[in-house]
Amino acid sequence: MIKSTWRRRLVLLVPLLAASAGPLLTPPRAAAASYPSASQALRLVNQERVEAGCAPLRAVPKLQTPARQQSQDQAARDRFGHDGADGSTVKGRLSGLGYSSWGENVVQAQSAQAAVRFWSNSPSHRANILNCVFKETGLALDRSDSGNLYWTQTFGG
C-alpha cells in the first residue's frame, strides 16, 4: 500500500514540477515519468559552454516555439533533418526573430546525453553549442509513433 501511495504521489508531482519549470519542460506526446527532458539537454549544453568560456544559454519562448515545431515535424515524419515537411528551412524559421546570428541543431536520440554527445562530436553542431555570440535558446523534443525521440535546439544572438 505504501509503494502504491508513493507511485500516485509521483505521478501527480511530475506534471506539477514540469508545469512550474517553464517552457523547456513541455512534455512531448505520450510523455512518461522516465522520459528525458529538454532541460537535461540544456544543462549538458551549458556545461560545455561554461567549460569553453561562454555564458550559459537562456531559454526564451521565441526560440522555443520553432524548436518545438521542428521536433514535432520530425517526429510526425519519423525522420530528423533541418528541412520541414512544409519546405521550411532553418533560415525561414529563425531569421525573422530579431537575431543577428542564429543556428539550429537537430538529432534523433533516445536520451539527453546521447543527443548532446552527437552534437558535441559533430563539428558544425559543436560550433553552434560553443558560439559565444549565442545568448538565447529553445530546446524541445518529441516522440514519433515508433518511439524515436527527435530533438531540436535553436540558438540566437
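For the structure itself, look to the data block above.
This is a predicted model, so every value here is computed, not measured.

What counts and what doesn't
Residues numbered from 1 in each chain as written. Predicted model: local features only at pLDDT ≥ 70, side-chain atom pairs only at ≥ 80, totals over all residues. Heavy atoms only, no water. Axes fitted to C-alpha atoms, helices over the stretch in contact; angles between N-to-C directions. Helix = DSSP H or I, 4+ residues; strand = E, 2+ residues; numbered from the N terminus. Left-handed = near helix turned anticlockwise from the far one by under 90°. Contact = heavy atoms within 4.5 Å. Nonpolar A, V, L, I, M, F, W, Y, C, P; charged D, E, K, R; others polar. Buried < 20%, exposed > 50% of the residue type's maximum accessible area, 1.4 Å probe, protein only. Arc of directions from axis to C-beta. Phe/Tyr/Trp six-rings, centres within 6.5 Å; stacked < 30°, edge-to-face > 60°. Lys NZ or Arg CZ within 6 Å of the ring centre and 35° of its normal.

## With respect to the packing of helix H2 (residues 38–51) against helix H5 (residues 112–121)
- Their axes nearest at 8 Å, the elements H2 and H5 cross at an angle of 35°. For the crossing formed where H2 meets H5, the hand is right-handed. In this structure, H2 uses Gln40, Ala41, Leu44, Val45 and Glu48 to contact H5, whose residues at the interface are Ala112, Gln113, Val116 and Ser120.
- Considered class by class, the residues forming the contact of H2 with H5 number five nonpolar, three polar and one charged.

## Focus on H5
- Of all the residues in H5, the buried ones are Ala112, Ala115, Val116, Trp119 and Ser120. Around the axis of H5, the buried residues are gathered within 130° of arc, so they sit on the same side. Turned more than 90 degrees away from the buried face of H5, the exposed residues are Arg117 and Asn121.
- At its buried positions, H5 is contacted by H2, strand S2 (102–108), helix H6 (123–129) and strand S4 (149–156).

## Describing the packing of aromatic side chains
- All chains considered together, the criterion is met by two aromatic pairs.
- Measuring from centroid to centroid gives 6.2 Å for Phe80 and Phe118, while their planes differ by 85°, and the two rings are edge-to-face. Placement of Phe80 in the loop between helix H3 (61–77) and helix H4 (90–94) and of Phe118 in helix H5 is noted, with a sequence separation of 38 residues between them.
- The exposure class assigned to Phe118 is partly exposed, which follows from its relative accessible area of 36%.
- Ring geometry for Phe134 against Phe155: centres 5.3 Å apart, planes inclined by 25°, an arrangement best described as stacked. With Phe134 in the loop between H6 and strand S3 (136–143) and Phe155 in strand S4, the pair connects residues that are 21 residues apart, well separated along the chain. Residues Phe134 and Phe155 agree in their burial class; the two are buried.
- Over the aromatic face of Tyr99 sits the side chain of Lys62, whose NZ or CZ is 4.5 Å from the ring centroid.

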